[in-house]
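Listed below are the residues making up each chain.
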Amino acid sequence: MSLEGKLLIGQQAVSGNQDDIHAVNPATGETMEPTYAGGGKAEVERACELAEKAFASYRETGLEARATFLDTIASEIEGIGDELIERAMAETGLPRPRLEGERGRTCGQLRLFASVVRAGEWLDVRIDPALPDRSPMPRTDLRQRHIGLGPVAVFGASNFPLAFSVAGGDTASALAAGCPVVIKGHSAHPGTSELVGRAVQRAVTKCNLADGVFSLLFGAGNEIGQALVNDPRIQAVGFTGSRGGGTALMATAQARPQPIPVYAEMSSINPVFLLPEALKARGDKIAEGFVGSLNMGAGQFCTNPGLVIAVKGQELNAFIDAAGEGVKASASQTMLSPGIHHAYKQGIEALSSHAKVREVARGQVGEGANQCCAGLFVASAADFLADEALQAEIFGASSLVVECADQAEVKRVAADLEGQLTITLQMDDGDVEAAKALLPTLERKAGRILANGWPTGVEVCHAMVHGGPYPATSDSRTTSVGSAAIHRFLRPVCYQALPEALLPGALKDANPEGVSRLVDGKREA
Ligand code: NAP
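Rules of the game
Residues numbered from 1 in each chain as written. Predicted model: local features only at pLDDT ≥ 70, side-chain atom pairs only at ≥ 80, totals over all residues. Heavy atoms only, no water. Helix = DSSP H or I, 4+ residues; strand = E, 2+ residues; numbered from the N terminus. Pairing = 2+ DSSP bridges. Axes fitted to C-alpha atoms, helices over the stretch in contact; angles between N-to-C directions. Contact = heavy atoms within 4.5 Å. Near = heavy atom within 4 Å. Polar contact = N/O pair within 3.5 Å; in protein donor to acceptor, adjacent residues only side chain to side chain. 1 Å grid on protein atoms, 1.4 Å probe; cavity = no way out; pocket = protein on both sides within 12 Å on 5 of 7 lines; lining within 4 Å. Sits in = over half its atoms within 2 Å of the grid points. Nonpolar A, V, L, I, M, F, W, Y, C, P; charged D, E, K, R; others polar. Points joined across faces, edges and corners; volume = space filled by probe spheres on them. Domains from an automatic or database assignment. Salt bridge = Lys/Arg side-chain N within 4 Å of Asp/Glu carboxyl O. Buried < 20%, exposed > 50% of the residue type's maximum accessible area, 1.4 Å probe, protein only. UniProt positions renumbered as here; feature names shortened; annotations may be inferred. Parallel < 35°, antiparallel > 145°, perpendicular 65-115°, else oblique. Left-handed = near helix turned anticlockwise from the far one by under 90°.

- As annotated in an unreviewed UniProt entry, the chain carries the name 2,5-dioxovalerate dehydrogenase and comes from Vreelandella arcis.

**Focus: unusual backbone geometry**
Working step 1: Cis rather than trans, the peptide bond between E33 and P34 has omega equal to -5°.
Working step 2: In this structure, P471 follows Y470 across a cis peptide bond, with omega equal to 10°.
Working step 3: Although it is not a glycine, A298 sits at a positive phi angle of roughly 55°.
Working step 4: Within the element layout of this structure, A298 appears in the loop between α9 (276-295) and β13 (307-311).

**Considerations on the sheet that holds strand β7 (residues 152-155)**
Working step 1: One open sheet accounts for 7 strands, arranged β2-β1-β9-β8-β7-β10-β11; its pairing is mixed. Strand pairing shows two members of the sheet lacking a second neighbour, β2 (12-14) and β11 (262-265), which therefore form its edges. Taking each pair of neighbouring strands and ignoring which way they run, the sheet shows an average axis angle of 20°.
Working step 2: In this structure, strand β10 (residues 236-240) lies alongside β11, joined through 4 bridges in parallel fashion. Note on β11: the bridge partner recorded for V237 is V262.
Working step 3: Seen against the sheet, helix α1 (residues 41-58) touches β1 (7-9), β8 (181-184) and β9 (214-217) and runs at an angle of roughly 35° to β1.

**Overview of the site of the ligand**
Working step 1: Close to the ligand lie 25 residues, the nearest being S158, K184, G221, S242 and M266.
Working step 2: The contact in question runs from an oxygen atom of the ligand to an N or O atom on the side chain of S158, over 2.6 Å.
Working step 3: In this structure, an oxygen atom belonging to the ligand sits 2.7 Å away from a main-chain N or O atom of G221.
Working step 4: In this structure, the ligand is accommodated by the largest pocket.
Working step 5: Every element with two or more residues in the shell around the ligand is listed here: β10, α8 (243-255) and α11 (338-352).
Working step 6: Per element, the largest residue contribution to the shell around the ligand is 3 residues, and it comes from α8.
Working step 7: Looking at the shell around the ligand, its residues break down into 10 nonpolar, 12 polar and 3 charged.

**Focus: the layout of surface pockets**
Working step 1: Taken as a whole, the largest pocket encloses approximately 940 Å³ of empty space.
Working step 2: Contributing to the lining of the largest pocket are 37 residues, with H186, F239, G241, S242 and G245 lying nearest its centre.
Working step 3: Looking at the lining of the largest pocket, the elements with two or more residues in it are α7 (223-230), β10, α8 and α11.
Working step 4: Taken together, the residues of the lining of the largest pocket break down into 14 nonpolar, 19 polar and 4 charged.
Working step 5: Residue-level mapping places the lining of the largest pocket at the junction of two domains, with at least three residues from each of domain 1 (7-266 + 477-488) and domain 2 (271-451).

**Some words on the pattern of salt bridges**
Working step 1: Evaluated as defined, the whole model comprises 31 salt bridges.
Working step 2: Where R46 meets E49, a salt bridge forms, and the shortest distance between an N and an O atom there is 3.6 Å. With R46 and E49 both in helix α1 and 3 residues apart, this pair spans about one turn of that helix.
Working step 3: The class of E49 is partly exposed, set by a relative accessible area of 36%.
Working step 4: A single salt-bridge network, built from bridges that share partners, covers E4, K6, E194 and R198.

**With respect to the UniProt feature "domain: Aldehyde dehydrogenase" (unreviewed entry) in the chain**
Working step 1: Using the residue numbers shown here, the UniProt feature "domain: Aldehyde dehydrogenase" (unreviewed entry) corresponds to residues 15-468.
Working step 2: Across residues 15-468 one finds 43% helix and 18% strand; the C-alpha atoms that close the span lie 39 Å apart.

**Regarding the environment of E277**
Working step 1: Among the secondary structure elements, E277 is positioned in helix α9.
Working step 2: Along the sequence, E277 and R143 sit 134 residues apart, while their C-alpha atoms lie 54 Å from each other.
Working step 3: Discounting chain neighbours no more than four positions away, the residues touching E277 are D428, G430 and D431.

**Re the side chain of S330**
Working step 1: When you line up the elements, S330 lands in the loop between α10 (314-328) and β14 (333-334).
Working step 2: For S330, a relative accessible area of 6% gives the class buried.
Working step 3: Within the local environment of S330, its side chain forms a polar contact with the side chain of N295, the two groups lying 2.8 Å apart.
Working step 4: Each residue touching S330, except ones within four places of it in the same chain, is listed here: V291, N295, G363 and Q364.

**Section: the packing of helix α2 (residues 63-80) against helix α5 (residues 169-176)**
Working step 1: Put simply, α2 and α5 touch, their axes get as near as 10 Å, and they point 160° apart. As summarised for this structure, α2 and α5 are arranged roughly antiparallel, according to the angle between their axes. Along this stretch, α2 crosses α5, giving a crossing that reads as right-handed. Note on element contacts: α5 touches α2 through A172, L175 and A176, opposite R66, F69, L70 and I73.

Written as structure tokens, this is what we have:
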């Protein structure tokens, strides 16, 4: 398919008239065709108008029809074939196996949400039948279900051009909840976005849905994103990106005449605690696993292990030496965009020149543009606790080891941490008491706590939590990965004493779609 460089508004492909966007191949620095003329307020207006119109019918699609739509998007993405992988490789510098895996994850999560929609449990139907003879007060008939919030604005992430972009997790969960999506495509991979956007358009047509169910906008600068979040028809926002971007959109959403929720996933340094027995028994092995996780995707994962915390001593020194050797041997990798590379270099330079930080090792310096060469640094716990700048995310392969005097200081560092997506414990049987002492603090800091694994590699399943207190996300009560992500875009409605004719299908006595319901406090299959 030839790329047209157009915005996709409903079923139309339209040209914008604002500043141009060009993808840049980060490996070569070359500008890629076609030109995407950015959209502005007029395109936001049109997409939101269509989305609002589509919401009326889309939110009441039957479970099977909505699930089929999600399955069809997955099939259409697969149907693009290698062109999608080739274009994504050129726009992001990510290698083929990673992008093929990411396409599998993208289609897998669309199908997961299809199965969630079919099961109908997300409706969370509760029925408390009338008790006319209850004394001293009768009870009236009360029935609850969940409905979609309304049109959702999604900001495509730069670091997952498929799995958290146009038809990624935010879009899949919003569509599953019955919400039309207006996506602001990331300017770093517009061609990849157009290919996927056209696949979604085809699925809308095949499934006979209202065309405003999906639109894809492009636009350089913040204007289009701000206009989108300010549009009164938009009822929620999904975002993955920088802390600055996420907090700016939170402020915009809160300042609207009708404030709306923003689900922003922003910044996390994913601390790893090396507990004493594990460090003593297998420091070398842990160092090997750590370097592998640090380098994965040039460190451009939101779950990259950017902080290591342990009690200082011979065992920690041995770990630092082994990890330092691993970092030194690490080949350089192309980063996603010149902007991300620039921010990475600035972060690394700030650490390298920090008076209280020691540089342990840097990775190999590679040929080509926008190269990430990994960095490992050490600081004392006292210095870490004294300078909050040492907790700032460096997006890319960089990690800081914090040396503590004893387990009590480890606990103080844990208590001082900002909110995180993940916290990892490297522990053996003899560390259980130390881990128990830390756990209540760690639970308050992170959305996911792991033992003896690595935080990179997020399973898309029912139990996953990819969330956490600010600044990891803007709302710690939710997850952006896994089937529970659907709840971000739903809200409960209670129907009191409504005649059967007015009740939605899932609340009717006959339960025509056979959804699971809580009736008078008892679960019905
Ligand atoms: P970003 O700068 O936050 O941009 C993400 C998206 O939000 C882009 O579409 C951007 O539009 C838009 N945006 C940003 N600020 C906005 C504002 N004030 N108003 C309206 N729209 C706004 O993130 P990025 O481009 O992906 O990468 C930059 C940095 O983000 C990285 O260096 C890294 O530090 C961080 N990052 C973190 C994660 C994570 O998972 N923790 C993931 C990706 C990136 P434009 O196209 O106009 O810029």
